[in-house]
Amino acid sequence: RTPVARDHAQRVDAFGSPSAAAIEHPVEADQPGSGVLRAEMVSGEALLSWRRRLLQAAGKPAELDWLLEVAGGVPWRELQSLWLQPQRQVVLQRDRKALEELWDSYLHGKGPLQYLVGRSPWRDLVLDVGPGVLIPRQETEMLVELVFQAQDRKSTRLNSSHSSVSRMPSSA
């Protein structure tokens, strides 16, 4: 059975950031065999400095930001706001050491980030993924959206044709 991560999303401060109470207890990894991971409260300045150090070594910013969002619990918008408010505190769902281990595994070709983290956001869902499971792609999201839009247009045409038929005078 996969350990369950402690949910701290509902404990936020006035700025919408997780509060210090969110890190009172350890969180367990969402990957079997990963052991117990600790959440970490860190200043925006320290997080941005850590991010710069990792990117100087290797990797693409968008990929590290994805890791911070999905495995670290720091949404991209919040990460960007730290450039303007580096004194703000941020709660990471996993500590920087655990995130750095995932990043290093990714850079050393041990698998896609989605497999290493065990999750992949898709539309309004977060799907569990791993080897043997196709990783959902943005292109698939767009394709599904196009199908929904086409279905909506078809439904609209059908509804308007039914209502125009009902308004036609009957010939008696």
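The preceding data block contains the structure.
The structure displayed is predicted, hence computed values, not measured ones. Residue indices begin from 1 for each chain and proceed along its sequence in written order. This being a predicted model, a pLDDT of at least 70 is required before a residue's local features are given, and a value of 80 or more before pairs of side-chain atoms are given or counted; all residues contribute to the totals for chains, interfaces and linings. Derived side-chain values reflect all non-hydrogen atoms in the structure, with water molecules and hydrogen atoms excluded from consideration.

Asker: So what about a nonpolar patch on the surface? Which residues, and what values?
Answerer: Together, Leu-143, Val-147 and Phe-148 make up an exposed nonpolar region whose accessible area comes to about 300 Å². Judged by its relative accessible area of 54%, Leu-143 is exposed. Note on patches: the residues involved have over 30% relative accessible area and no salt bridge, like charges join within 9 Å, and the nonpolar side chains Val, Leu, Ile, Met, Phe, Trp and Tyr join within 5 Å. Accessibility throughout is a Shrake-Rupley quantity obtained with a 1.4 Å probe, and a residue counts as covered only by protein chains that appear here. Criterion for a salt bridge: a side-chain nitrogen of Lys or Arg within 4 Å of a carboxyl oxygen of Asp or Glu. Summary of the burial criterion: residues with accessible area below 20% of their type's maximum are buried, those above 50% are exposed, and those between are partly exposed, where the area comes from a 1.4 Å probe applied to protein chains only.

Asker: With reference to specific residues and values, describe unusual backbone geometry.
Answerer: The backbone phi angle of Arg-123 is positive, close to 55 degrees, even though this residue is not glycine. Taking relative accessible area as the criterion, Arg-123 reaches 32% and is therefore assigned partly exposed.

Asker: Describe in detail the pattern of salt bridges, supporting the description with residues and values.
Answerer: According to the stated counting rule, one finds six salt bridges in the structure shown. Glu-40 is the partner of Arg-96 in a salt bridge, and the nearest nitrogen-oxygen pair spans 2.7 Å. On the criterion of sequence distance, the pair formed by Arg-96 in helix H4 (residues 96-107) and Glu-40 in strand E3 (residues 40-43) is long-range, its members being 56 residues apart. The exposure class assigned to Glu-40 is buried, which follows from its relative accessible area of 17%. Its salt-bridge partner being Glu-100, residue Arg-53 comes within 2.9 Å of it at the nearest N-O pair. Here the residue Arg-53 occupies a position in helix H1 (residues 44-57), and Glu-100 occupies one in helix H4, the gap between them amounting to 47 residues. The class of Arg-53 is partly exposed, set by a relative accessible area of 43%. In DSSP terms, a helix is any run of H or I states spanning at least four residues, a strand is any run of E spanning at least two, and both are numbered starting from the N terminus.

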